[in-house]
Amino acid sequence: MPADGARSAAPSFLYVPGLPAPGGRVTLPPEEARYLARVVRARPGDTVTATDGNGALATLRLGDARDCSDAVVQGVTHEVRSREAVLLAGAPEGERGDWLIEKLAELGVAALQPVEAERGGWEALGRRAARWERIAIAALRQSRRAHRLAILPPQDLAAALAEVRAGARFLADAQGPWAPAVAAGAGETALAVGPAAGFTASERKQLADAGFRPVRLADARLRTETACLALAAWWAAAGGSSGAAS
């Protein structure tokens, strides 16, 4: 497996938190080591690429362990996000959160902020939190990104809005102007989507007062997870998930 092709080959892209500096040795997480040994069928001396999920990209050379559990860091670069987005989302119905997490991670959204809305809460998050973390890591590996999706603890809308940083702000809204006619903005962006039953009038006022602009994503009603994906894809298509290596 050639070093210069490691990142272009999806099987060789790993998630390894706490990457050391070049020359350091690292013990691979058990799941990543099993993946290399059983799926990639890597061998000692092979070169692979890993990320810590926080922007670091490292070239690793596997050590002598036959189970692919150790490696030496040969080089590290750092990818800086040129733009990033956080999505404030009401809960989707049932167990559709699995699909939502996977697709947001693939699109390069920086963080999902679950919102405990008046018309729906994230009861599923507590029992599925570990699963969603695994899904986010798998999507990171599949999409070969240097930054992983952060899944934040649920908050009510007021608390979530208080933590939104300066930047463009958009709300998925069937009454707004068509999204393609609206500039997605640069730098940090906040996106908002209501729960399955929608935001209440008071919640919509909170969002408007906080500077969220409505944008329409389709000519028909969308499920929460579909609206989240459409809004994130609109943002990403404007160049939102690109980064630069340093």
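Calculation rules
Residues numbered from 1 in each chain as written. Predicted model: local features only at pLDDT ≥ 70, side-chain atom pairs only at ≥ 80, totals over all residues. Heavy atoms only, no water. Salt bridge = Lys/Arg side-chain N within 4 Å of Asp/Glu carboxyl O. Phe/Tyr/Trp six-rings, centres within 6.5 Å; stacked < 30°, edge-to-face > 60°. Helix = DSSP H or I, 4+ residues; strand = E, 2+ residues; numbered from the N terminus. Buried < 20%, exposed > 50% of the residue type's maximum accessible area, 1.4 Å probe, protein only. pLDDT = per-residue confidence, 0-100. Contact = heavy atoms within 4.5 Å.

In this section: the pattern of salt bridges. For the structure shown, the criterion picks out 13 salt bridges. Bridged by salt links that share partners, the residues Glu84, Arg165 and Glu188 form one connected network.

Below, the discussion takes up the packing of aromatic side chains. Scanning the entire structure with this criterion turns up two aromatic pairs. Measuring from centroid to centroid gives 6.0 Å for tryptophan 122 and tryptophan 132, while their planes differ by 90°, and the two rings are edge-to-face. With tryptophan 122 in the loop between strand 7 (111-116) and helix 3 (123-143) and tryptophan 132 in helix 3, this residue pair connects regions lying ten residues apart in the sequence. Across the pair, exposure class does not vary: tryptophan 122 and tryptophan 132 are buried alike. With centroids separated by 4.9 Å and ring planes inclined at 85°, the aromatic side chains of phenylalanine 170 and tryptophan 234 adopt a geometry described as edge-to-face. One end of the pair, phenylalanine 170, is in strand 10 (residues 168-172); the other, tryptophan 234, is in helix 6 (residues 224-240), with 64 residues separating them in the sequence. Look at phenylalanine 170 and you get buried, because its relative accessible area is 1%.

Looking at the protein, pLDDT values average 89 and 93% of them are 70 or higher. With pLDDT under 50 throughout, residues 1-10 is counted as low confidence; its partners more than four residues away or in other chains account for 23 contacts. Note on residues 240-246: pLDDT under 50 across the span, and 23 contacts to partners over four residues away in sequence or across chains.

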